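# Residue-level structure breakdown
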Amino acid sequence: MDARQETVEVPGARLHTERAGTGPALVLIPGGGGDAAMYEDVVPRLADRFTVITYDRRGNSRSPLASPDASVAVSQQAADVVAILDHYGVERAFVFGNSSGAIIALEVLARHAGRLLGAVVHEPPLVRLLPDSPDSPEERAMAELFRMAEQEGVMQAFAGFSAMILPDPPKLFGSRAGRAVTAGAMRVFAGGAALARGITGRQPGGMTRLVGNTEILLRRELPAFLYEYDPDLAALEAVTVPWCFATGRDSVGRPYHRPAHVLSERLGVPCEEFPGGHVAYQTDPEEFTARLTAILDGFSA
């Protein structure tokens, strides 16, 4: 399915955006890696019912920052969502955010609820809000990612990050030696893709772009999202548009599962169950689409 692609100028960045389908607007906010292609398996299915808007988040893939020190703060990323709605002339939209994108969705709810028809906040990794922080297993798992980045390298940490989110990660990702082998392969892959781009002039494919986003993910985004951002719980309690948290049925025990349930209870907001795990939109696209559509229909009832 061909999507209309447009660039949206925002403070500090140019955003690559894509729009497909007809009906109420639905913005899909990508998580770590920040690329619209994460949702490519569900966009054609959702576009039968919704005007689906996806985008590469600032500093990722085809959305370059205006300068190396341009903001990647959650508040700015929430403002980016509003700017995209303005660009497409959309007054109000549904929003689905996964992982880091779920944290952005929370900020949109807290600061820009008037632009929303409803929101689904899927597995936000807000580990610092757990009652046993800073000693929770979830927070220790996140700290291990930063240790990998500092002591082993960002490519090795990306392998560790992948092991955290994939339903059945390769065993290589679980050891330091395996991560080193994986990192070397990714560097070769990225170098070959860059050479091919220089020869053909074609833009890199989805996986090449995600590998290229590793530095901003590990060095800037995760610290900004996990340690520099505190959601405004009072503002979230006052939100009147329908919204919910959500977790995957296969995500129990993962670092991003318990925060949604803790916040759901604290704020008195439902926590819905989705199929699969953290990236169900890739592993279980049909079930994911059916579940998301049912929730959004319930918001409109």
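Residues numbered from 1 in each chain as written. Predicted model: local features only at pLDDT ≥ 70, side-chain atom pairs only at ≥ 80, totals over all residues. Heavy atoms only, no water.

## Some details on the layout of surface pockets
Any empty space left between the atoms is revealed when a probe the size of a water molecule rolls over them. A volume near 370 Å³ is recorded for the largest pocket. Every residue lining the largest pocket is counted, 22 residues in all, and those nearest its centre are F158, S162, I165, L166 and L210. Among the elements of the structure, α5 (154-165), α6 (176-200), α7 (206-212) and α11 (280-283) are those that each provide at least two residues to the lining of the largest pocket. Broken down by element, the lining of the largest pocket gets its largest block of residues, 5 residues, from α5. Looking at the lining of the largest pocket, its residues break down into 13 nonpolar, 9 polar and no charged. (1 Å grid on protein atoms, 1.4 Å probe; cavity = no way out; pocket = protein on both sides within 12 Å on 5 of 7 lines; lining within 4 Å. Points joined across faces, edges and corners; volume = space filled by probe spheres on them. Helix = DSSP H or I, 4+ residues; strand = E, 2+ residues; numbered from the N terminus. Nonpolar A, V, L, I, M, F, W, Y, C, P; charged D, E, K, R; others polar.)

## Focus: the pairing of strand β4 (residues 51-55)
Among the 5 residues of β4, 5 are classified as buried, and the element is accordingly described as predominantly covered. The side-chain alternation of β4 yields two buried faces, one formed by T51, I53 and Y55 and the other by V52 and T54. Pairing of strand β2 (residues 13-20) with β4, which is carried by 4 bridges, proceeds in the antiparallel orientation. Residue pairing for β4: T17 is matched across the bridge by Y55. Sheet topology note: the strand β3 (residues 25-29)/β4 ladder contains 4 bridges and is parallel. Counted as the bridge partner of L28 is T54 from β4. (Buried < 20%, exposed > 50% of the residue type's maximum accessible area, 1.4 Å probe, protein only. Pairing = 2+ DSSP bridges.)

## Here's the deal with the pairing of strand β1 (residues 4-10)
When β1 meets β2, the two strands line up antiparallel, connected through 7 bridges. Residue pairing in the sheet places Q5 in a bridge with E18 of β2. Counting the residues that bridge the hairpin from β1 to β2 gives 2 residues, and of these G12 lies at a positive phi of roughly 85°.

## Considering α5
With 12 residues, α5 extends 16 Å between its outermost C-alpha atoms, agreeing within 8% with the 16 Å of an ideal straight helix rising 1.5 Å per residue. The buried fraction of α5 is high, at 11 of 12 residues. Looking at α5, one finds that the buried residues are V154, M155, Q156, A157, F158, A159, G160, F161, S162, M164 and I165. (Expected span 1.5 Å × (residues − 1).)

## Considering the packing of helix α2 (residues 74-87) against helix α3 (residues 100-112)
For the pair α2 and α3, interaxial distance at closest approach is 8 Å and the crossing angle is 75°. Considered as vectors, α2 and α3 are oriented roughly perpendicular to each other. Contact residues: V74, S75, Q77, A78, A79, V81 and V82 in α2; I103, I104, E107, V108 and H112 in α3. Here the contact of α2 with α3 is composed, by residue class, of 8 nonpolar, 3 polar and 1 charged. (Axes fitted to C-alpha atoms, helices over the stretch in contact; angles between N-to-C directions. Parallel < 35°, antiparallel > 145°, perpendicular 65-115°, else oblique. Contact = heavy atoms within 4.5 Å.)

## A closer look at the side chain of H16
By the secondary structure assignment, H16 is in strand β2. For H16, a relative accessible area of 8% translates into the label buried. A polar contact of 2.8 Å, which involves the side chain of H16, links it to the side chain of E18. In terms of polar contacts, H16 uses its side chain to reach the side chain of R62, at 3.4 Å. Once residues within four sequence positions are removed from consideration, H16 is found in contact with Q5, E6, T54, Y55, D56, R62 and S63. (Polar contact = N/O pair within 3.5 Å; in protein donor to acceptor, adjacent residues only side chain to side chain.)

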